[in-house]
Amino acid sequence: MAVRLCDVASLLRSGSWAAEPWTGQVIAAMETQLSNGPTCNNTAHGSTAINNCSSPVDSGHTEDSKTNLIVNYLPQNMTQEELKSLFGSIGEIESCKLVRDKITGQSLGYGFVNYVDPKDAEKAINTLNGLRLQTKTIKVSYARPSSASIRDANLYVSGLPKTMTQKELEQLFSQYGRIITSRILVDQVTGVSRGVGFIRFDKRIEAEEAIKGLNGQKPPGATEPITVKFANNPSQKNNQAILSQLYHSPNRRYPAPLAQQAQRFRTKSACSLRECIKFQKLCFGHPSFRLDNLLNMAYGVKSRFPPMTIDGMTSLAGINIPGHAGTGWCIFVYNLAPDADESILWQMFGPFGAVTNVKVIRDFNTNKCKGFGFVTMTNYDEAAMAIASLNGYRLGDRVLQVSFKTNKTHKA
DNA sequence: TAGAATT
């Protein structure tokens, strides 16, 4: 049975699923960065799930800083290879590293990209800072030269007046040194400040001075004193939780060293599964609400890989074998403009889920886009949702055709 | 009263 994915998209938009906020939110996120470019402004977002991002750090004039970038607020399941793929679309990379927890192997959500050419590093900041990937807004900035003096310079501040803005918070702390990032946590539903936040200074010693000067003090106009202390390290907290869980697990049969048992958590699948469930709950409010289930409900399609027809283009969803050597699900994007580049594909598909690779097909002589490209996504459901939402999407004066790649088309 | 910012 042929199923038109554009009908599914309509169903998603107009049916009872329209009440589900996720699809609309993702499209809105995508459209924001399509219209404004990924570089975000510094206004606070209405949800703690979305990161604020400050302006890229101008870290000075050392040779190192002109090519070496730090990338923050990466999605938890993003791999080093995906990081390299994303930044490699800008220019040649000298080295790339995703920082992982030494014990659990989990991503710490940041990494480093060192370009060969300083111009590419600058371009990466201009192009990719503020890019939305899944629920994160990544930050791309020059890495400061690594030293002990810049470590452990993050402060946790509580008891803040609920009316205090991020700018006011920065004004309060800036007297003690150079602020790298600031954040006020807000209620996810109401957007109202929770009265707590973080200030990261350039130097540890600046943070120490801020504690001495501001802990227990009342900010101007405030009725209650604030508490200022060094922030806990989230990775340490997680490790403790995981190790504790391992130690108390009923499946634990041998008193093996905890670190050895923690090896079980090194596998990507363990992280991905948890992320996947979290993602599905976030998307649909219920883990059984998958796109293939929706197809089943809408069309009586029983197969997980139903044949689909999209705007007259025949496409078989099942030809990309899941788990096939990490290739994921390859998506064909047709009717791109001649000046389209990889960043637009990242901007469009990134918010829908884990994207491992994008590629714009160019004419060998002119280097202009030949009108199509490919996107590889890890998870079937995320890929299917991206297709359902983006097929028929108007990009500039062009209507895109988006489908799973068939064998007839170019091999990515 | 809790974010994955220095490899």
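Everything here concerns the structure above.
Residues numbered from 1 in each chain as written. Chains lettered and ligands numbered in written order. Predicted model: local features only at pLDDT ≥ 70, side-chain atom pairs only at ≥ 80, totals over all residues. Heavy atoms only, no water.

1. Considering the pattern of salt bridges
Now for step 1: Applying the stated criterion to the full structure yields six salt bridges.
Now for step 2: Residues Arg144 and Asp202 are paired through a salt bridge, measuring 2.5 Å at the closest nitrogen-oxygen approach. Taken together, the residues Arg144 in the loop between β7 (139-142) and β8 (154-158) and Asp202 in the loop between β10 (193-201) and α6 (204-214) connect sequence positions 58 residues apart.
Now for step 3: Its salt-bridge partner being Lys203, residue Asp202 comes within 3.0 Å of it at the nearest N-O pair.
Now for step 4: Since its relative accessible area comes to 8%, Asp202 is described here as buried.
Now for step 5: For Lys203, a relative accessible area of 29% gives the class partly exposed. (Salt bridge = Lys/Arg side-chain N within 4 Å of Asp/Glu carboxyl O. Helix = DSSP H or I, 4+ residues; strand = E, 2+ residues; numbered from the N terminus. Buried < 20%, exposed > 50% of the residue type's maximum accessible area, 1.4 Å probe, protein only.)

2. Description of the protein's contact with DNA strand B
Now for step 1: By nearness alone, 37 residues border DNA strand B, and Lys97, Leu108, Lys139, Arg144 and Asn232 come closest of all.
Now for step 2: Near the protein, within 4 Å, the atoms of DNA strand B are sugar or phosphate in 40% of cases.
Now for step 3: The side chain of Gln76 places a nitrogen or oxygen atom 3.4 Å from a base nitrogen of DNA strand B.
Now for step 4: For the surface near DNA strand B, the elements supplying multiple residues, two or more each, are β2 (68-72), β3 (93-100), β4 (107-115), β7, β8, β9 (179-186), β10 and α7 (234-247).
Now for step 5: Taken together, the residues that form the surface near DNA strand B break down as 14 nonpolar, 14 polar and nine charged. (Near = heavy atom within 4 Å. Polar contact = N/O pair within 3.5 Å; in protein donor to acceptor, adjacent residues only side chain to side chain. Nonpolar A, V, L, I, M, F, W, Y, C, P; charged D, E, K, R; others polar.)

3. Details of the nonpolar core
Now for step 1: Phe87, Leu345, Phe349 and Leu390 are the most contacted members of the largest nonpolar core, which totals 54 residues.
Now for step 2: If you tally residues by element for this core, the top one is helix α12 (residues 380-390), at seven residues.
Now for step 3: In contact with Leu390, not counting residues within four places along its chain, are Ile27, Met30, Met348, Phe349, Phe352, Leu400 and Val402.
Now for step 4: Within the second largest apolar cluster, 18 residues are counted, among which are Leu155, Val157, Ile184 and Val228. (Core = buried A, V, L, I, M, F, W, Y, C linked by side-chain atoms within 4.5 Å. Contact = heavy atoms within 4.5 Å.)

4. A short note on the sheet that holds strand β19 (residues 401-404)
Now for step 1: Read across the open sheet, the four strands follow the order β15-β16-β14-β19; overall the sheet is antiparallel. The open sheet is flanked by β15 (355-362) and β19, the only strands paired with a single partner. Each neighbouring strand pair of the sheet contributes to a mean axis angle of 20°, computed without reference to strand direction.
Now for step 2: Where strand β14 (residues 329-334) meets β19, four bridges bridge the pair, whose relative direction is antiparallel. (Pairing = 2+ DSSP bridges. Axes fitted to C-alpha atoms, helices over the stretch in contact; angles between N-to-C directions.)

5. Topic: the packing of aromatic side chains
Now for step 1: The full count for this structure, using the stated rule, is ten aromatic pairs.
Now for step 2: Taking 5.6 Å as the distance between ring centres and 40° as the angle between the ring planes, the aromatic pair formed by Phe332 and Phe374 counts as tilted. Here the residue Phe332 occupies a position in strand β14, and Phe374 occupies one in strand β16 (residues 369-377), the gap between them amounting to 42 residues. As far as the burial class goes, Phe332 and Phe374 line up, both buried.
Now for step 3: Each member of the aromatic cluster is reached from another via a ring pair, and the members are Phe332, Tyr334, Phe372 and Phe374.
Now for step 4: Taking NZ or CZ as reference, Arg204 lies 3.8 Å from the ring centre of Phe230, over its face. (Phe/Tyr/Trp six-rings, centres within 6.5 Å; stacked < 30°, edge-to-face > 60°. Lys NZ or Arg CZ within 6 Å of the ring centre and 35° of its normal.)

6. What to know about α6
Now for step 1: For α6, every residue scored as buried is listed here: Glu206, Ala207, Ala210, Ile211 and Leu214. The arc enclosing the buried residues of α6, seen along the axis, measures out at 145°, which places them on a common side. Of the exposed residues in α6, those oriented more than 90 degrees away from the buried face are Ile205 and Lys212.
Now for step 2: Packed against the buried residues of α6 are β8, α5 (166-173), β10 and β11 (227-230). (Arc of directions from axis to C-beta.)

7. Side note on the sheet that holds β7
Now for step 1: Judged by pairing direction, the sheet is antiparallel, and its four strands sit side by side in the order β3-β4-β2-β7 without closing on themselves. Of all strands in the sheet, those with a lone pairing partner are β3 and β7, marking the two edges. In this sheet, adjacent strand axes meet at a mean angle of 20° when their direction is disregarded.
Now for step 2: Where β2 lies against β7, four bridges are found, and the strand directions are antiparallel. The residue bridging Ile70 from the neighbouring strand is Ser141, located in β7.
Now for step 3: Taken strand by strand, helix α3 (residues 80-88) contacts β2, β3, β4 and β7, and its axis lies near 140° from that of β3.
Now for step 4: With respect to the sheet, helix α4 (residues 118-128) is in contact with β2, β4 and β7, its orientation differing from that of β7 by roughly 150°.

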